[in-house]
Amino acid sequence: MADEYLEVPPELSRNVFLTTLDTVYNWSRRSSLWPMMFGLACCAIEMIAVAASRYDLARFGMEVMRPSPRQADVMIVSGTVTKKMVPQIVRLYNQMPQPRYVVAMGACATGGGPFKEGYNVVSGVDKFIPVDVYIPGCPPTPEALLYGMMRLQEKIKRQSVKTVPWYRKERDDIPVPVLGPDILDLRRKEEIKKISAQLADSEKYLERLETKTTQKA
Amino acid sequence: MVGKGILRGLTTTARHLLETYLDDVKKIPSRYAYDRHFIKQPLEEKGIFTIQYPEERRVLPERFRYVPMLLYDADTGEDRCTACGICAKVCPTQCIWIVREEDKTGKPLPRSQEFYIDISICMGCGFCAEFCPFDSIKMNHDYEIAVYNRYPDLVLSKDDLVVPTTYYAQLYPEAWAAEERAREEERKRKAAREKALAAKRAAKAKAAAKKKDEQKDAGK
Amino acid sequence: MAQAQSAVATESLPYNDVIPGAVVGRDGEALIVNREKLLELARYLRDHEGYDYLSSVTGVDNLTHPKRQGVERFEVVYHLYSTKRGGGPLVLKARAPEDDPEIPSVVSIWPGADFQEREIWDLFGVRFPGHPNLRRILLWEGFNGHPMRKDWKEAYYEEEHKPYSSRWPYGHYPREEYKYPWQEERAVYKDNLVFPKGFDPDRWQAPEVEYRLGQDIYRELEKLKTDRIIVNIGPQHPSTHGVFRMVVALEGETILGLEPEVGYLHRNHEKIGERNTYLMNIPYTDRLDYINSMSNNLGYVLAVEKLMGKVEVPERAKYLRIIMAELTRVLNHMFAIGFLLNDLGAFFTPALYALEERELILDLFEAASGSRMMCNYMRPGGVAYDVSEEWVAQAKKLVFERLPRAVDELDYYLTENEILLARTKGVGYLSPEDAIAYSTSGPVLRGSGVPYDIRKVEPYCIYDRFDFDIVTEDGGDVYARYMVRIREARESLKILRQALKDLPGGPVIGKKKYTFRIPPGEAYQRIEAPKGELGFYLVSDGTANPYRYHVRSPSFINLTALGPMCVGHKVADSVGILGSIDIVLGEVDR
């Protein structure tokens, strides 16, 4: 069962024994991952193609695309994450029951992609929610998405009941960002306040940018 | 008649269902054989339309593009890239980063020192491969590149990007043959030109020598 | 322009004899209109000159245009057409200075200007007095500034134009000390954020948003003692075709008012497009309407060619362009029908059959261009790659045998289905007059019985060489739009058969270039994309990058008619009506 070409993560190397319980537990979880039916942009069309007859996601036990986050295990963020959409994405993530996984499909969800420089685009969904697998490509072909889902299954395979976070008391929900003059991540509130106060003093907002670009290594 | 339309629909779906079963029975030993093979779907395909990835794979067309790769000459081990920067200039997302190599005096050398492609931005448009004048940057067919960590795993450096020309020849047989032909012609043309030039030079030298001789003779 | 000069010139300008002082000058083909007289002139043009179809309204910021120094800063450009006469546009320009950016709204004359004027307000900050619902459309209320203005800079702003000088020859990307990727590392907030100076998150209060809902049309319903409620459909909803939100006011289950809320996929296509070179924009257009990347490519490339002046396109490339565009149309219409049925409750089976054929068409695209969806195939002056003999044989097999069979099967399978008829007939009625007034296009317009197809009325490429008909249906309802799609797919196959038969040999492009010599000027090119009229408006200032780049997207403007179409129907029908418009969010929000 073990994969030769994958590194063993540190939390696993401490547990020398992969118990039978873990094996059964992980097998059952990874064999019926239900994705959320949640399309954002171009990649969603390829996601539909994966669910359709040629690639047939059902072969992996993932055919049940659920529009409701309450019944979903994995969220495929398929497309550009815009600032206007981020509050909803975070809310959907919070509504998913644990254990929950996130796959960033395509360049846009991974790191902003071709639209990264745009004023309304978030540079990667991992700025707000934790991502398990990143699939680059614009858009990833259906095979690439299937490969990414297999990587996710491998990741689940290596988890252990002892170390998984979802049996602890506290939930790791993420505060829903606020649409202010720009998207406001509440976890970074103090930092943003500090920086904008500094900017008000210095009046050198753009100049600072200029000096930084012309620097050479 | 009420219900005719629904019956029509049901017969269509039933036919499709039946076709899948017939197709399945017809292909039974080969379909579920667990040796990896590449298939090309025929246009008459009826019944089961599924490609059983990862056991089966679609035949990718030669022009298929996913992310870029850099070629080095398999014989000499030298990079083809001359750090001319055209790929970085035409890249719509500006995801290519090149450091040109320089000698001690600051004179640029036709080699790249560092070469990065941020594939978390790359849109796979293929302009870099299309406009590269040295056939050095090409589009890779490998789509199995999902990772667990984004930064810096998805910033491919030169070590991640380089592949030998033999790999390219395998992926792009037609383009490779065409390029080889063009290169061969270029070489021939160059050789011919050099030969002509050498002949010209020799003739010139001869003429000059003759002239000199004549002058010498005249001087005497 | 000096006062005295314009006074002399106005005599020779058109329409000034009817409305004195309305037209104050010319700018190329466009007429510059006095903004005080705009409404008067617009009403005259609609009622007496037959310009009933407002194709596109867009803004231009003249701040840094080298040829337009000294003119007023903001400019709103109107492209008018006549559905009865056909033919080319009448271009109007109204200008407003920086300190008073106001231009009267033309919504009362052409209701199709509704969303477009809101977009201009959102992105340029030009106000439209008289607009019934002037609030931001693509961004949210409270956003910091108007981003399409030339002096508005993003957090990741580097230089005015690509290519950036930091990439070569000293493109050091990740340094040892970097925690984030390069762009984030050098941004002030370590992220794509721009806050006003001295911004205090604790004191921020979001502005109130008012929806224009609840037209009291069903008075008799009040007797039923139902509750009036507001229902939010989307942005995460399986039937909204992406991230689209409908705010619906309901009386019981009957819709009183519906307002689309878009912008959840606003990817700043135009701002990025103005920084790109002309070549770089081609792959970006793929991502507009991501189901039909080929026709987007075609529209953009034609616009660039129009701007360049005379461009020789080889004969084979002309045919290949038509073949690709029409294959896309077949693909799109089958896809749209499949997903319309999905919305009506026939979950996934019709869509699966449509997707099967789509995969085979995509195989052709992949073999020709290299990518399934984002083809990036057309270039100014031709197409990027030639196709092989094998490809042509395969395409012929598909077009002559498989696709007609598939369309027929879809027709046989669905058209007479009683449930489909019950759900679609008489639902979402749009009269021909309204369809024109709301500037709808494509199957929505032709489903209302207006025979307006740009391939016929203003032929581009070589469509005049092929024999095909304009498909119209008189119903004006969801069913009519569905029928238009099925019949139009057949017409496309007819064109494809002719084009594949006559496909000549020869080269497909001249010398491949990555820079183009573009003279200063402007061009508006529209094509009949599968979803409707796709227009590209380009303004060049003579450099390698477009000064203004605007996309007139069919899905966005067709949505204007969604609210009026839904009023009076049950809430479950709104989903079907939306499906019959066939929107793609990449194009709606850009």
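As shown above, the structure is provided for reference.
Overview of the structure. (Residues numbered from 1 in each chain as written. Chains lettered and ligands numbered in written order. Predicted model: local features only at pLDDT ≥ 70, side-chain atom pairs only at ≥ 80, totals over all residues. Heavy atoms only, no water.)

### Describing the overall build of chain A
Piece 1. A tally of helices and strands in chain A yields 8 helices and 5 strands.
Piece 2. For chain A, the α and β elements follow one another from N to C terminus as α-α-α-β-α-β-α-β-α-β-β-α-α.
Piece 3. A total of 217 residues make up chain A; the buried ones form 60% of that total.
Piece 4. Sequence-distant contacts in chain A: of pairs separated by 6 or more residues, those separated by 24 or more amount to 78%.
Piece 5. When the accessible surface of chain A is summed, it comes to about 8900 Å², and 56% of that surface belongs to carbon and sulfur atoms. (Helix = DSSP H or I, 4+ residues; strand = E, 2+ residues; numbered from the N terminus. Buried < 20%, exposed > 50% of the residue type's maximum accessible area, 1.4 Å probe, protein only. Contact = heavy atoms within 4.5 Å. Areas by Shrake-Rupley, 256 points an atom, 1.4 Å probe, with all protein chains shown as cover.)

### Re a nonpolar patch on the surface
Piece 1. Judged by side-chain polarity, Met-1, Ile-6, Leu-7 and Leu-10 of chain B together with Ile-419 of chain C come together as a nonpolar surface patch covering roughly 530 Å² of accessible area.
Piece 2. If you tally residues by element for the nonpolar patch, the top one is helix α1 (residues 4-26) of chain B, at 3 residues.
Piece 3. On the secondary structure map, Leu-7 of chain B appears in helix α1. (Patch = residues over 30% accessible without salt bridge, like charges linked within 9 Å, V, L, I, M, F, W, Y side chains within 5 Å. Salt bridge = Lys/Arg side-chain N within 4 Å of Asp/Glu carboxyl O.)

### Structural notes on the environment of Ala-96 of chain C
All names here are of chain C.
Piece 1. By the element assignment, Ala-96 lies in strand β5 (residues 90-96).
Piece 2. Sequence separation between Ala-96 and Val-126 is 30 residues; the distance between their C-alpha atoms is 8.4 Å.
Piece 3. Setting aside chain neighbours within four positions, we find Ala-96 in contact with Arg-35, Glu-72, Arg-73, Phe-74, Pro-101, Glu-102 and Ile-103.

### Considerations on the interface of chain C and chain B
Piece 1. Each side of the interface is counted separately: chain C has 60 residues, and chain B has 52 residues.
Piece 2. Contact with chain B buries surface across chain C, with Arg-167, Trp-168 and Tyr-173 of chain C losing the most and accounting together for 14% of the total.
Piece 3. At the boundary of chain C and chain B, one finds 8 salt bridges.
Piece 4. Salt-bridge contacts for Arg-58 of chain B lead to Asp-363 of chain C; the nearest nitrogen and oxygen are separated by 3.6 Å.
Piece 5. Run the count over chain C and chain B and you get 28 residue pairs in polar contact (both at pLDDT 80 or more).
Piece 6. If you tally residues by element for the side of chain C that touches chain B, the top one is helix α9 (residues 349-369) of chain C, at 10 residues.
Piece 7. When the residues that make up the side of chain C that touches chain B are grouped by side-chain class, the tally is 28 nonpolar, 12 polar and 20 charged. (Buried area = accessible area lost by both parts, 1.4 Å probe. Polar contact = N/O pair within 3.5 Å; in protein donor to acceptor, adjacent residues only side chain to side chain. Nonpolar A, V, L, I, M, F, W, Y, C, P; charged D, E, K, R; others polar.)

### Some points on the interface of chain A and chain C
Accessible area lost upon the coming together of the parts serves often as the stated size of an interface.
Piece 1. Taken residue by residue, the interface counts 61 residues in chain A and 75 residues in chain C.
Piece 2. Regarding the contact of chain A and chain C, the summed buried area is about 6600 Å², with carbon and sulfur atoms giving 62% of it.
Piece 3. On the surface where chain A and chain C come into contact, there are 12 salt bridges.
Piece 4. For Asp-202 of chain C, the salt bridge goes to Lys-193 of chain A, with nearest N and O atoms at 3.0 Å.
Piece 5. Our count for the contact surface shared by chain A and chain C stands at 33 residue pairs in polar contact (both at pLDDT 80 or more).
Piece 6. If you list the elements that add at least two residues to the side of chain A that touches chain C, you get α3 (42-51), α4 (86-95), β4 (178-179), β5 (183-184), α7 (189-202) and α8 (205-214) of chain A.
Piece 7. Considering each element in turn, the side of chain A that touches chain C owes the most residues, 8 residues, to α7 of chain A.

### So, the pattern of salt bridges
Piece 1. Counting across every chain of the model gives 91 salt bridges over all chains.
Piece 2. Of the charged contacts in the structure, one is a salt bridge between Arg-73 of chain C and Asp-151 of chain C, with a shortest N-O distance of 3.2 Å. Here the residue Arg-73 of chain C occupies a position in the loop between β3 (53-61) and β4 (74-81), and Asp-151 of chain C occupies one in the loop between α3 (114-124) and α4 (182-186), the gap between them amounting to 78 residues.
Piece 3. The buried category is assigned to Arg-73 of chain C, whose relative accessible area is 6%.
Piece 4. A single salt-bridge network, built from bridges that share partners, covers Glu-46, Arg-54 and Glu-143 of chain A, Arg-58 of chain B together with Glu-359, Asp-363, Glu-366 and Arg-372 of chain C.

Interpretation note: all reported values are geometric properties and have no functional meaning in isolation.
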